[in-house]
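Here is how the chains run, residue by residue.
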Amino acid sequence: MATLLSTAPDARPRPSARIRRLDLAQLGPNWYAVVMGTAIIANGAAALPVRWPGLTGFAELTWALGLAGLLLIGAARGVHLTRHRTAARAHLLDDPATAVFYGCPPMALLSVGLGTLTVGSRVIGTGPAVALDLVLWTAGTLYALAVAAGIPYLMITRHTVSPLAANPTWLLPVVAPLVASATGPALVPHLPAGTAREALLYGCAALFGIGLLATLALLPVVLTGLVHSKLPALALTPSLFLVLGPLGQSTTAVHQIADAAGPLLPGLAPTALALAELFGVAVLGAAMLWLPLAVVANLRARRAGMGFAMTWWAFTFPIGTCVTGAAALARHTGFPGFTWLAAGLFALLLAGWALAAGGTAAALAGGRLLAR
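From a predicted model like this one, the values you see are computed outputs, not experimental measurements.

A. Quick look at the overall build of the protein chain. The number of helices and strands found in the protein chain is 12 helices and zero strands. Helices and strands in the protein chain line up, N terminus first, as α-α-α-α-α-α-α-α-α-α-α-α. At 20 Å, the protein chain has a C-alpha radius of gyration in line with the 21 Å of a compact globule built from 372 residues. Contacts in the protein chain between residues far apart in sequence, at least 24 positions, make up 85% of those at least 6 positions apart. As presented, the protein chain carries roughly 15700 Å² of accessible surface, and 70% of it is formed by carbon and sulfur atoms.

The structure is reproduced here in structure tokens:
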């Protein structure tokens, strides 16, 4: 929990405070949210049903930033896991509030992988982009499955938790398979024709089912915990946006699967597309009901003194999944309302990223994050 709330509302750096050394013992898995929140901008820009001047170049820039962030944070986490094994073990086995953030690394891998294929291919070429995405998707999917099973196992057998104290961060491990199901179909046309393509498509459908059913089981627990126990700290208020993640990501996934099924399974394609549209409208409608609730709650928390914490990155990825979900609905239905919705959510995503990135930079420079 200390990693998550490493910048408390009342934390104020002294004027002369400077970072002498970064303390990587404090570097938890939640730092991968920086990569997720940056990569989703590139993916959202690529999916938008409108083409604004400079959007392509902007998407390439944010993809490159996401890839660089993945390499940098991945290397720093490697140091953390090798040189600070006691802290790493405690984060996973003894601190359930931090353990749930192990859902972030696979989602970072998967998001950067998709961006590499859809955006980065114009920079590095289609062949290298496909190869890199295949590596990142495979690693991210295996990681997602391990987390989706492993974290609940630890919660059942080792962690001391109460369902009445559940909060939206509990959703992170089970959303990861949904991200895998949404990002995998883009690889289908690039695989050898035949069994490999079908296996990947059916695998993505299975991942969709894993993530969706796990979310349906866990989301009522989270809502019950919020109503019963509220949030334990102001700095956790941004986590309310995490509820949007499985809603937007499942909408995106079902449309991506329907697109991939078109040329591969023509008999199934019309049904898949119809189900995708009905599912997407219903689920994205629920997300748009939750969005103003999360916004108002965070404005209220800000007035109550909520300062920057790494939880501010929850302003990014969940909204980005709604961008890609709305864009998919616009593409398949042709309804202009979904086009406007995708564009409006993209603008909100950019504002959320600016807040999170600016807060992170200021906290690092001021010695309030990872400072020894």
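B. A look at the packing of helix α5 (residues 104-124) against helix α7 (residues 172-183). Two elements in contact, α5 and α7, have axes separated by 9 Å at closest approach and are oriented at 15 degrees. When the interaxial angle is binned, α5 and α7 end up roughly parallel. Helix-helix and strand crossings are classified by hand; for α5 and α7 the assignment is left-handed. Residues Cys-104, Pro-106, Met-107, Leu-110, Ser-111 and Leu-114 of α5 form the contact with α7, whose participating residues are Leu-172, Val-175, Ala-176, Val-179, Ala-180 and Thr-183.

C. Just the environment of Ala-25, in detail. Residue position: Ala-25 is located in the segment before α1 (32-47). Ignoring sequence-local partners within four residues, the contact set of Ala-25 consists of His-80, His-84, Ala-87 and His-91.

D. Spotlight on the packing of aromatic side chains. The full count for this structure, using the stated rule, is six aromatic pairs. An angle of 45 degrees between the planes, with centres 5.9 Å apart, marks the rings of Trp-312 and Phe-315 as tilted. Exposure remark for Phe-315: the relative accessible area of 10% places this residue in the buried category. Site record: aromatic cluster; members linked through ring pairs are Phe-241, Phe-308, Trp-312 and Phe-315.

E. Quick peek at a nonpolar patch on the surface. Nonpolar side chains collect at one region of the surface, where Phe-58, Leu-61 and Leu-65 lie side by side and expose about 260 Å² of accessible area between them. Secondary-structure assignment places Phe-58 in helix α2 (residues 55-83).

F. Representation of the environment of Phe-101 within the structure. Here Phe-101 is to be found in the loop between α4 (96-99) and α5. With a relative accessible area of 9%, Phe-101 lands in the buried category. Taking C-alpha positions, Phe-101 is 16 Å from Leu-142, a pair spaced 41 residues apart along the chain.

G. Spatial organisation of the pattern of salt bridges. Counted under the stated rule, the structure contains three salt bridges. Note that Arg-122 is salt-bridged to Glu-60, the shortest N-O span being 3.3 Å. Of this pair, Arg-122 sits in helix α5 while Glu-60 sits in helix α2, and the two are 62 residues apart along the sequence. By relative accessible area, which is 22% here, Glu-60 ends up partly exposed. We note a salt bridge from Arg-331 to Asp-259, for which the minimum N-O separation is 2.6 Å. With Arg-331 in helix α11 (residues 317-333) and Asp-259 in helix α9 (residues 244-264), this residue pair connects regions lying 72 residues apart in the sequence.

H. The side chain of Ser-250, seen in detail. Tracing the backbone through its elements, the reader meets Ser-250 in helix α9. A polar atom in the side chain of Ser-250 sits 2.7 Å from the backbone oxygen of Pro-246. Every residue in contact with Ser-250, bar those within four places of it in the chain, is listed here: Leu-178, Phe-208, Phe-279 and Val-283.

Definitions and limits used
Residues numbered from 1 in each chain as written. Predicted model: local features only at pLDDT ≥ 70, side-chain atom pairs only at ≥ 80, totals over all residues. Heavy atoms only, no water. Helix = DSSP H or I, 4+ residues; strand = E, 2+ residues; numbered from the N terminus. Rg over C-alpha atoms; globule rule 2.2 N^0.38 Å. Contact = heavy atoms within 4.5 Å. Areas by Shrake-Rupley, 256 points an atom, 1.4 Å probe, with all protein chains shown as cover. Axes fitted to C-alpha atoms, helices over the stretch in contact; angles between N-to-C directions. Parallel < 35°, antiparallel > 145°, perpendicular 65-115°, else oblique. Left-handed = near helix turned anticlockwise from the far one by under 90°. Phe/Tyr/Trp six-rings, centres within 6.5 Å; stacked < 30°, edge-to-face > 60°. Buried < 20%, exposed > 50% of the residue type's maximum accessible area, 1.4 Å probe, protein only. Patch = residues over 30% accessible without salt bridge, like charges linked within 9 Å, V, L, I, M, F, W, Y side chains within 5 Å. Salt bridge = Lys/Arg side-chain N within 4 Å of Asp/Glu carboxyl O. Polar contact = N/O pair within 3.5 Å; in protein donor to acceptor, adjacent residues only side chain to side chain.

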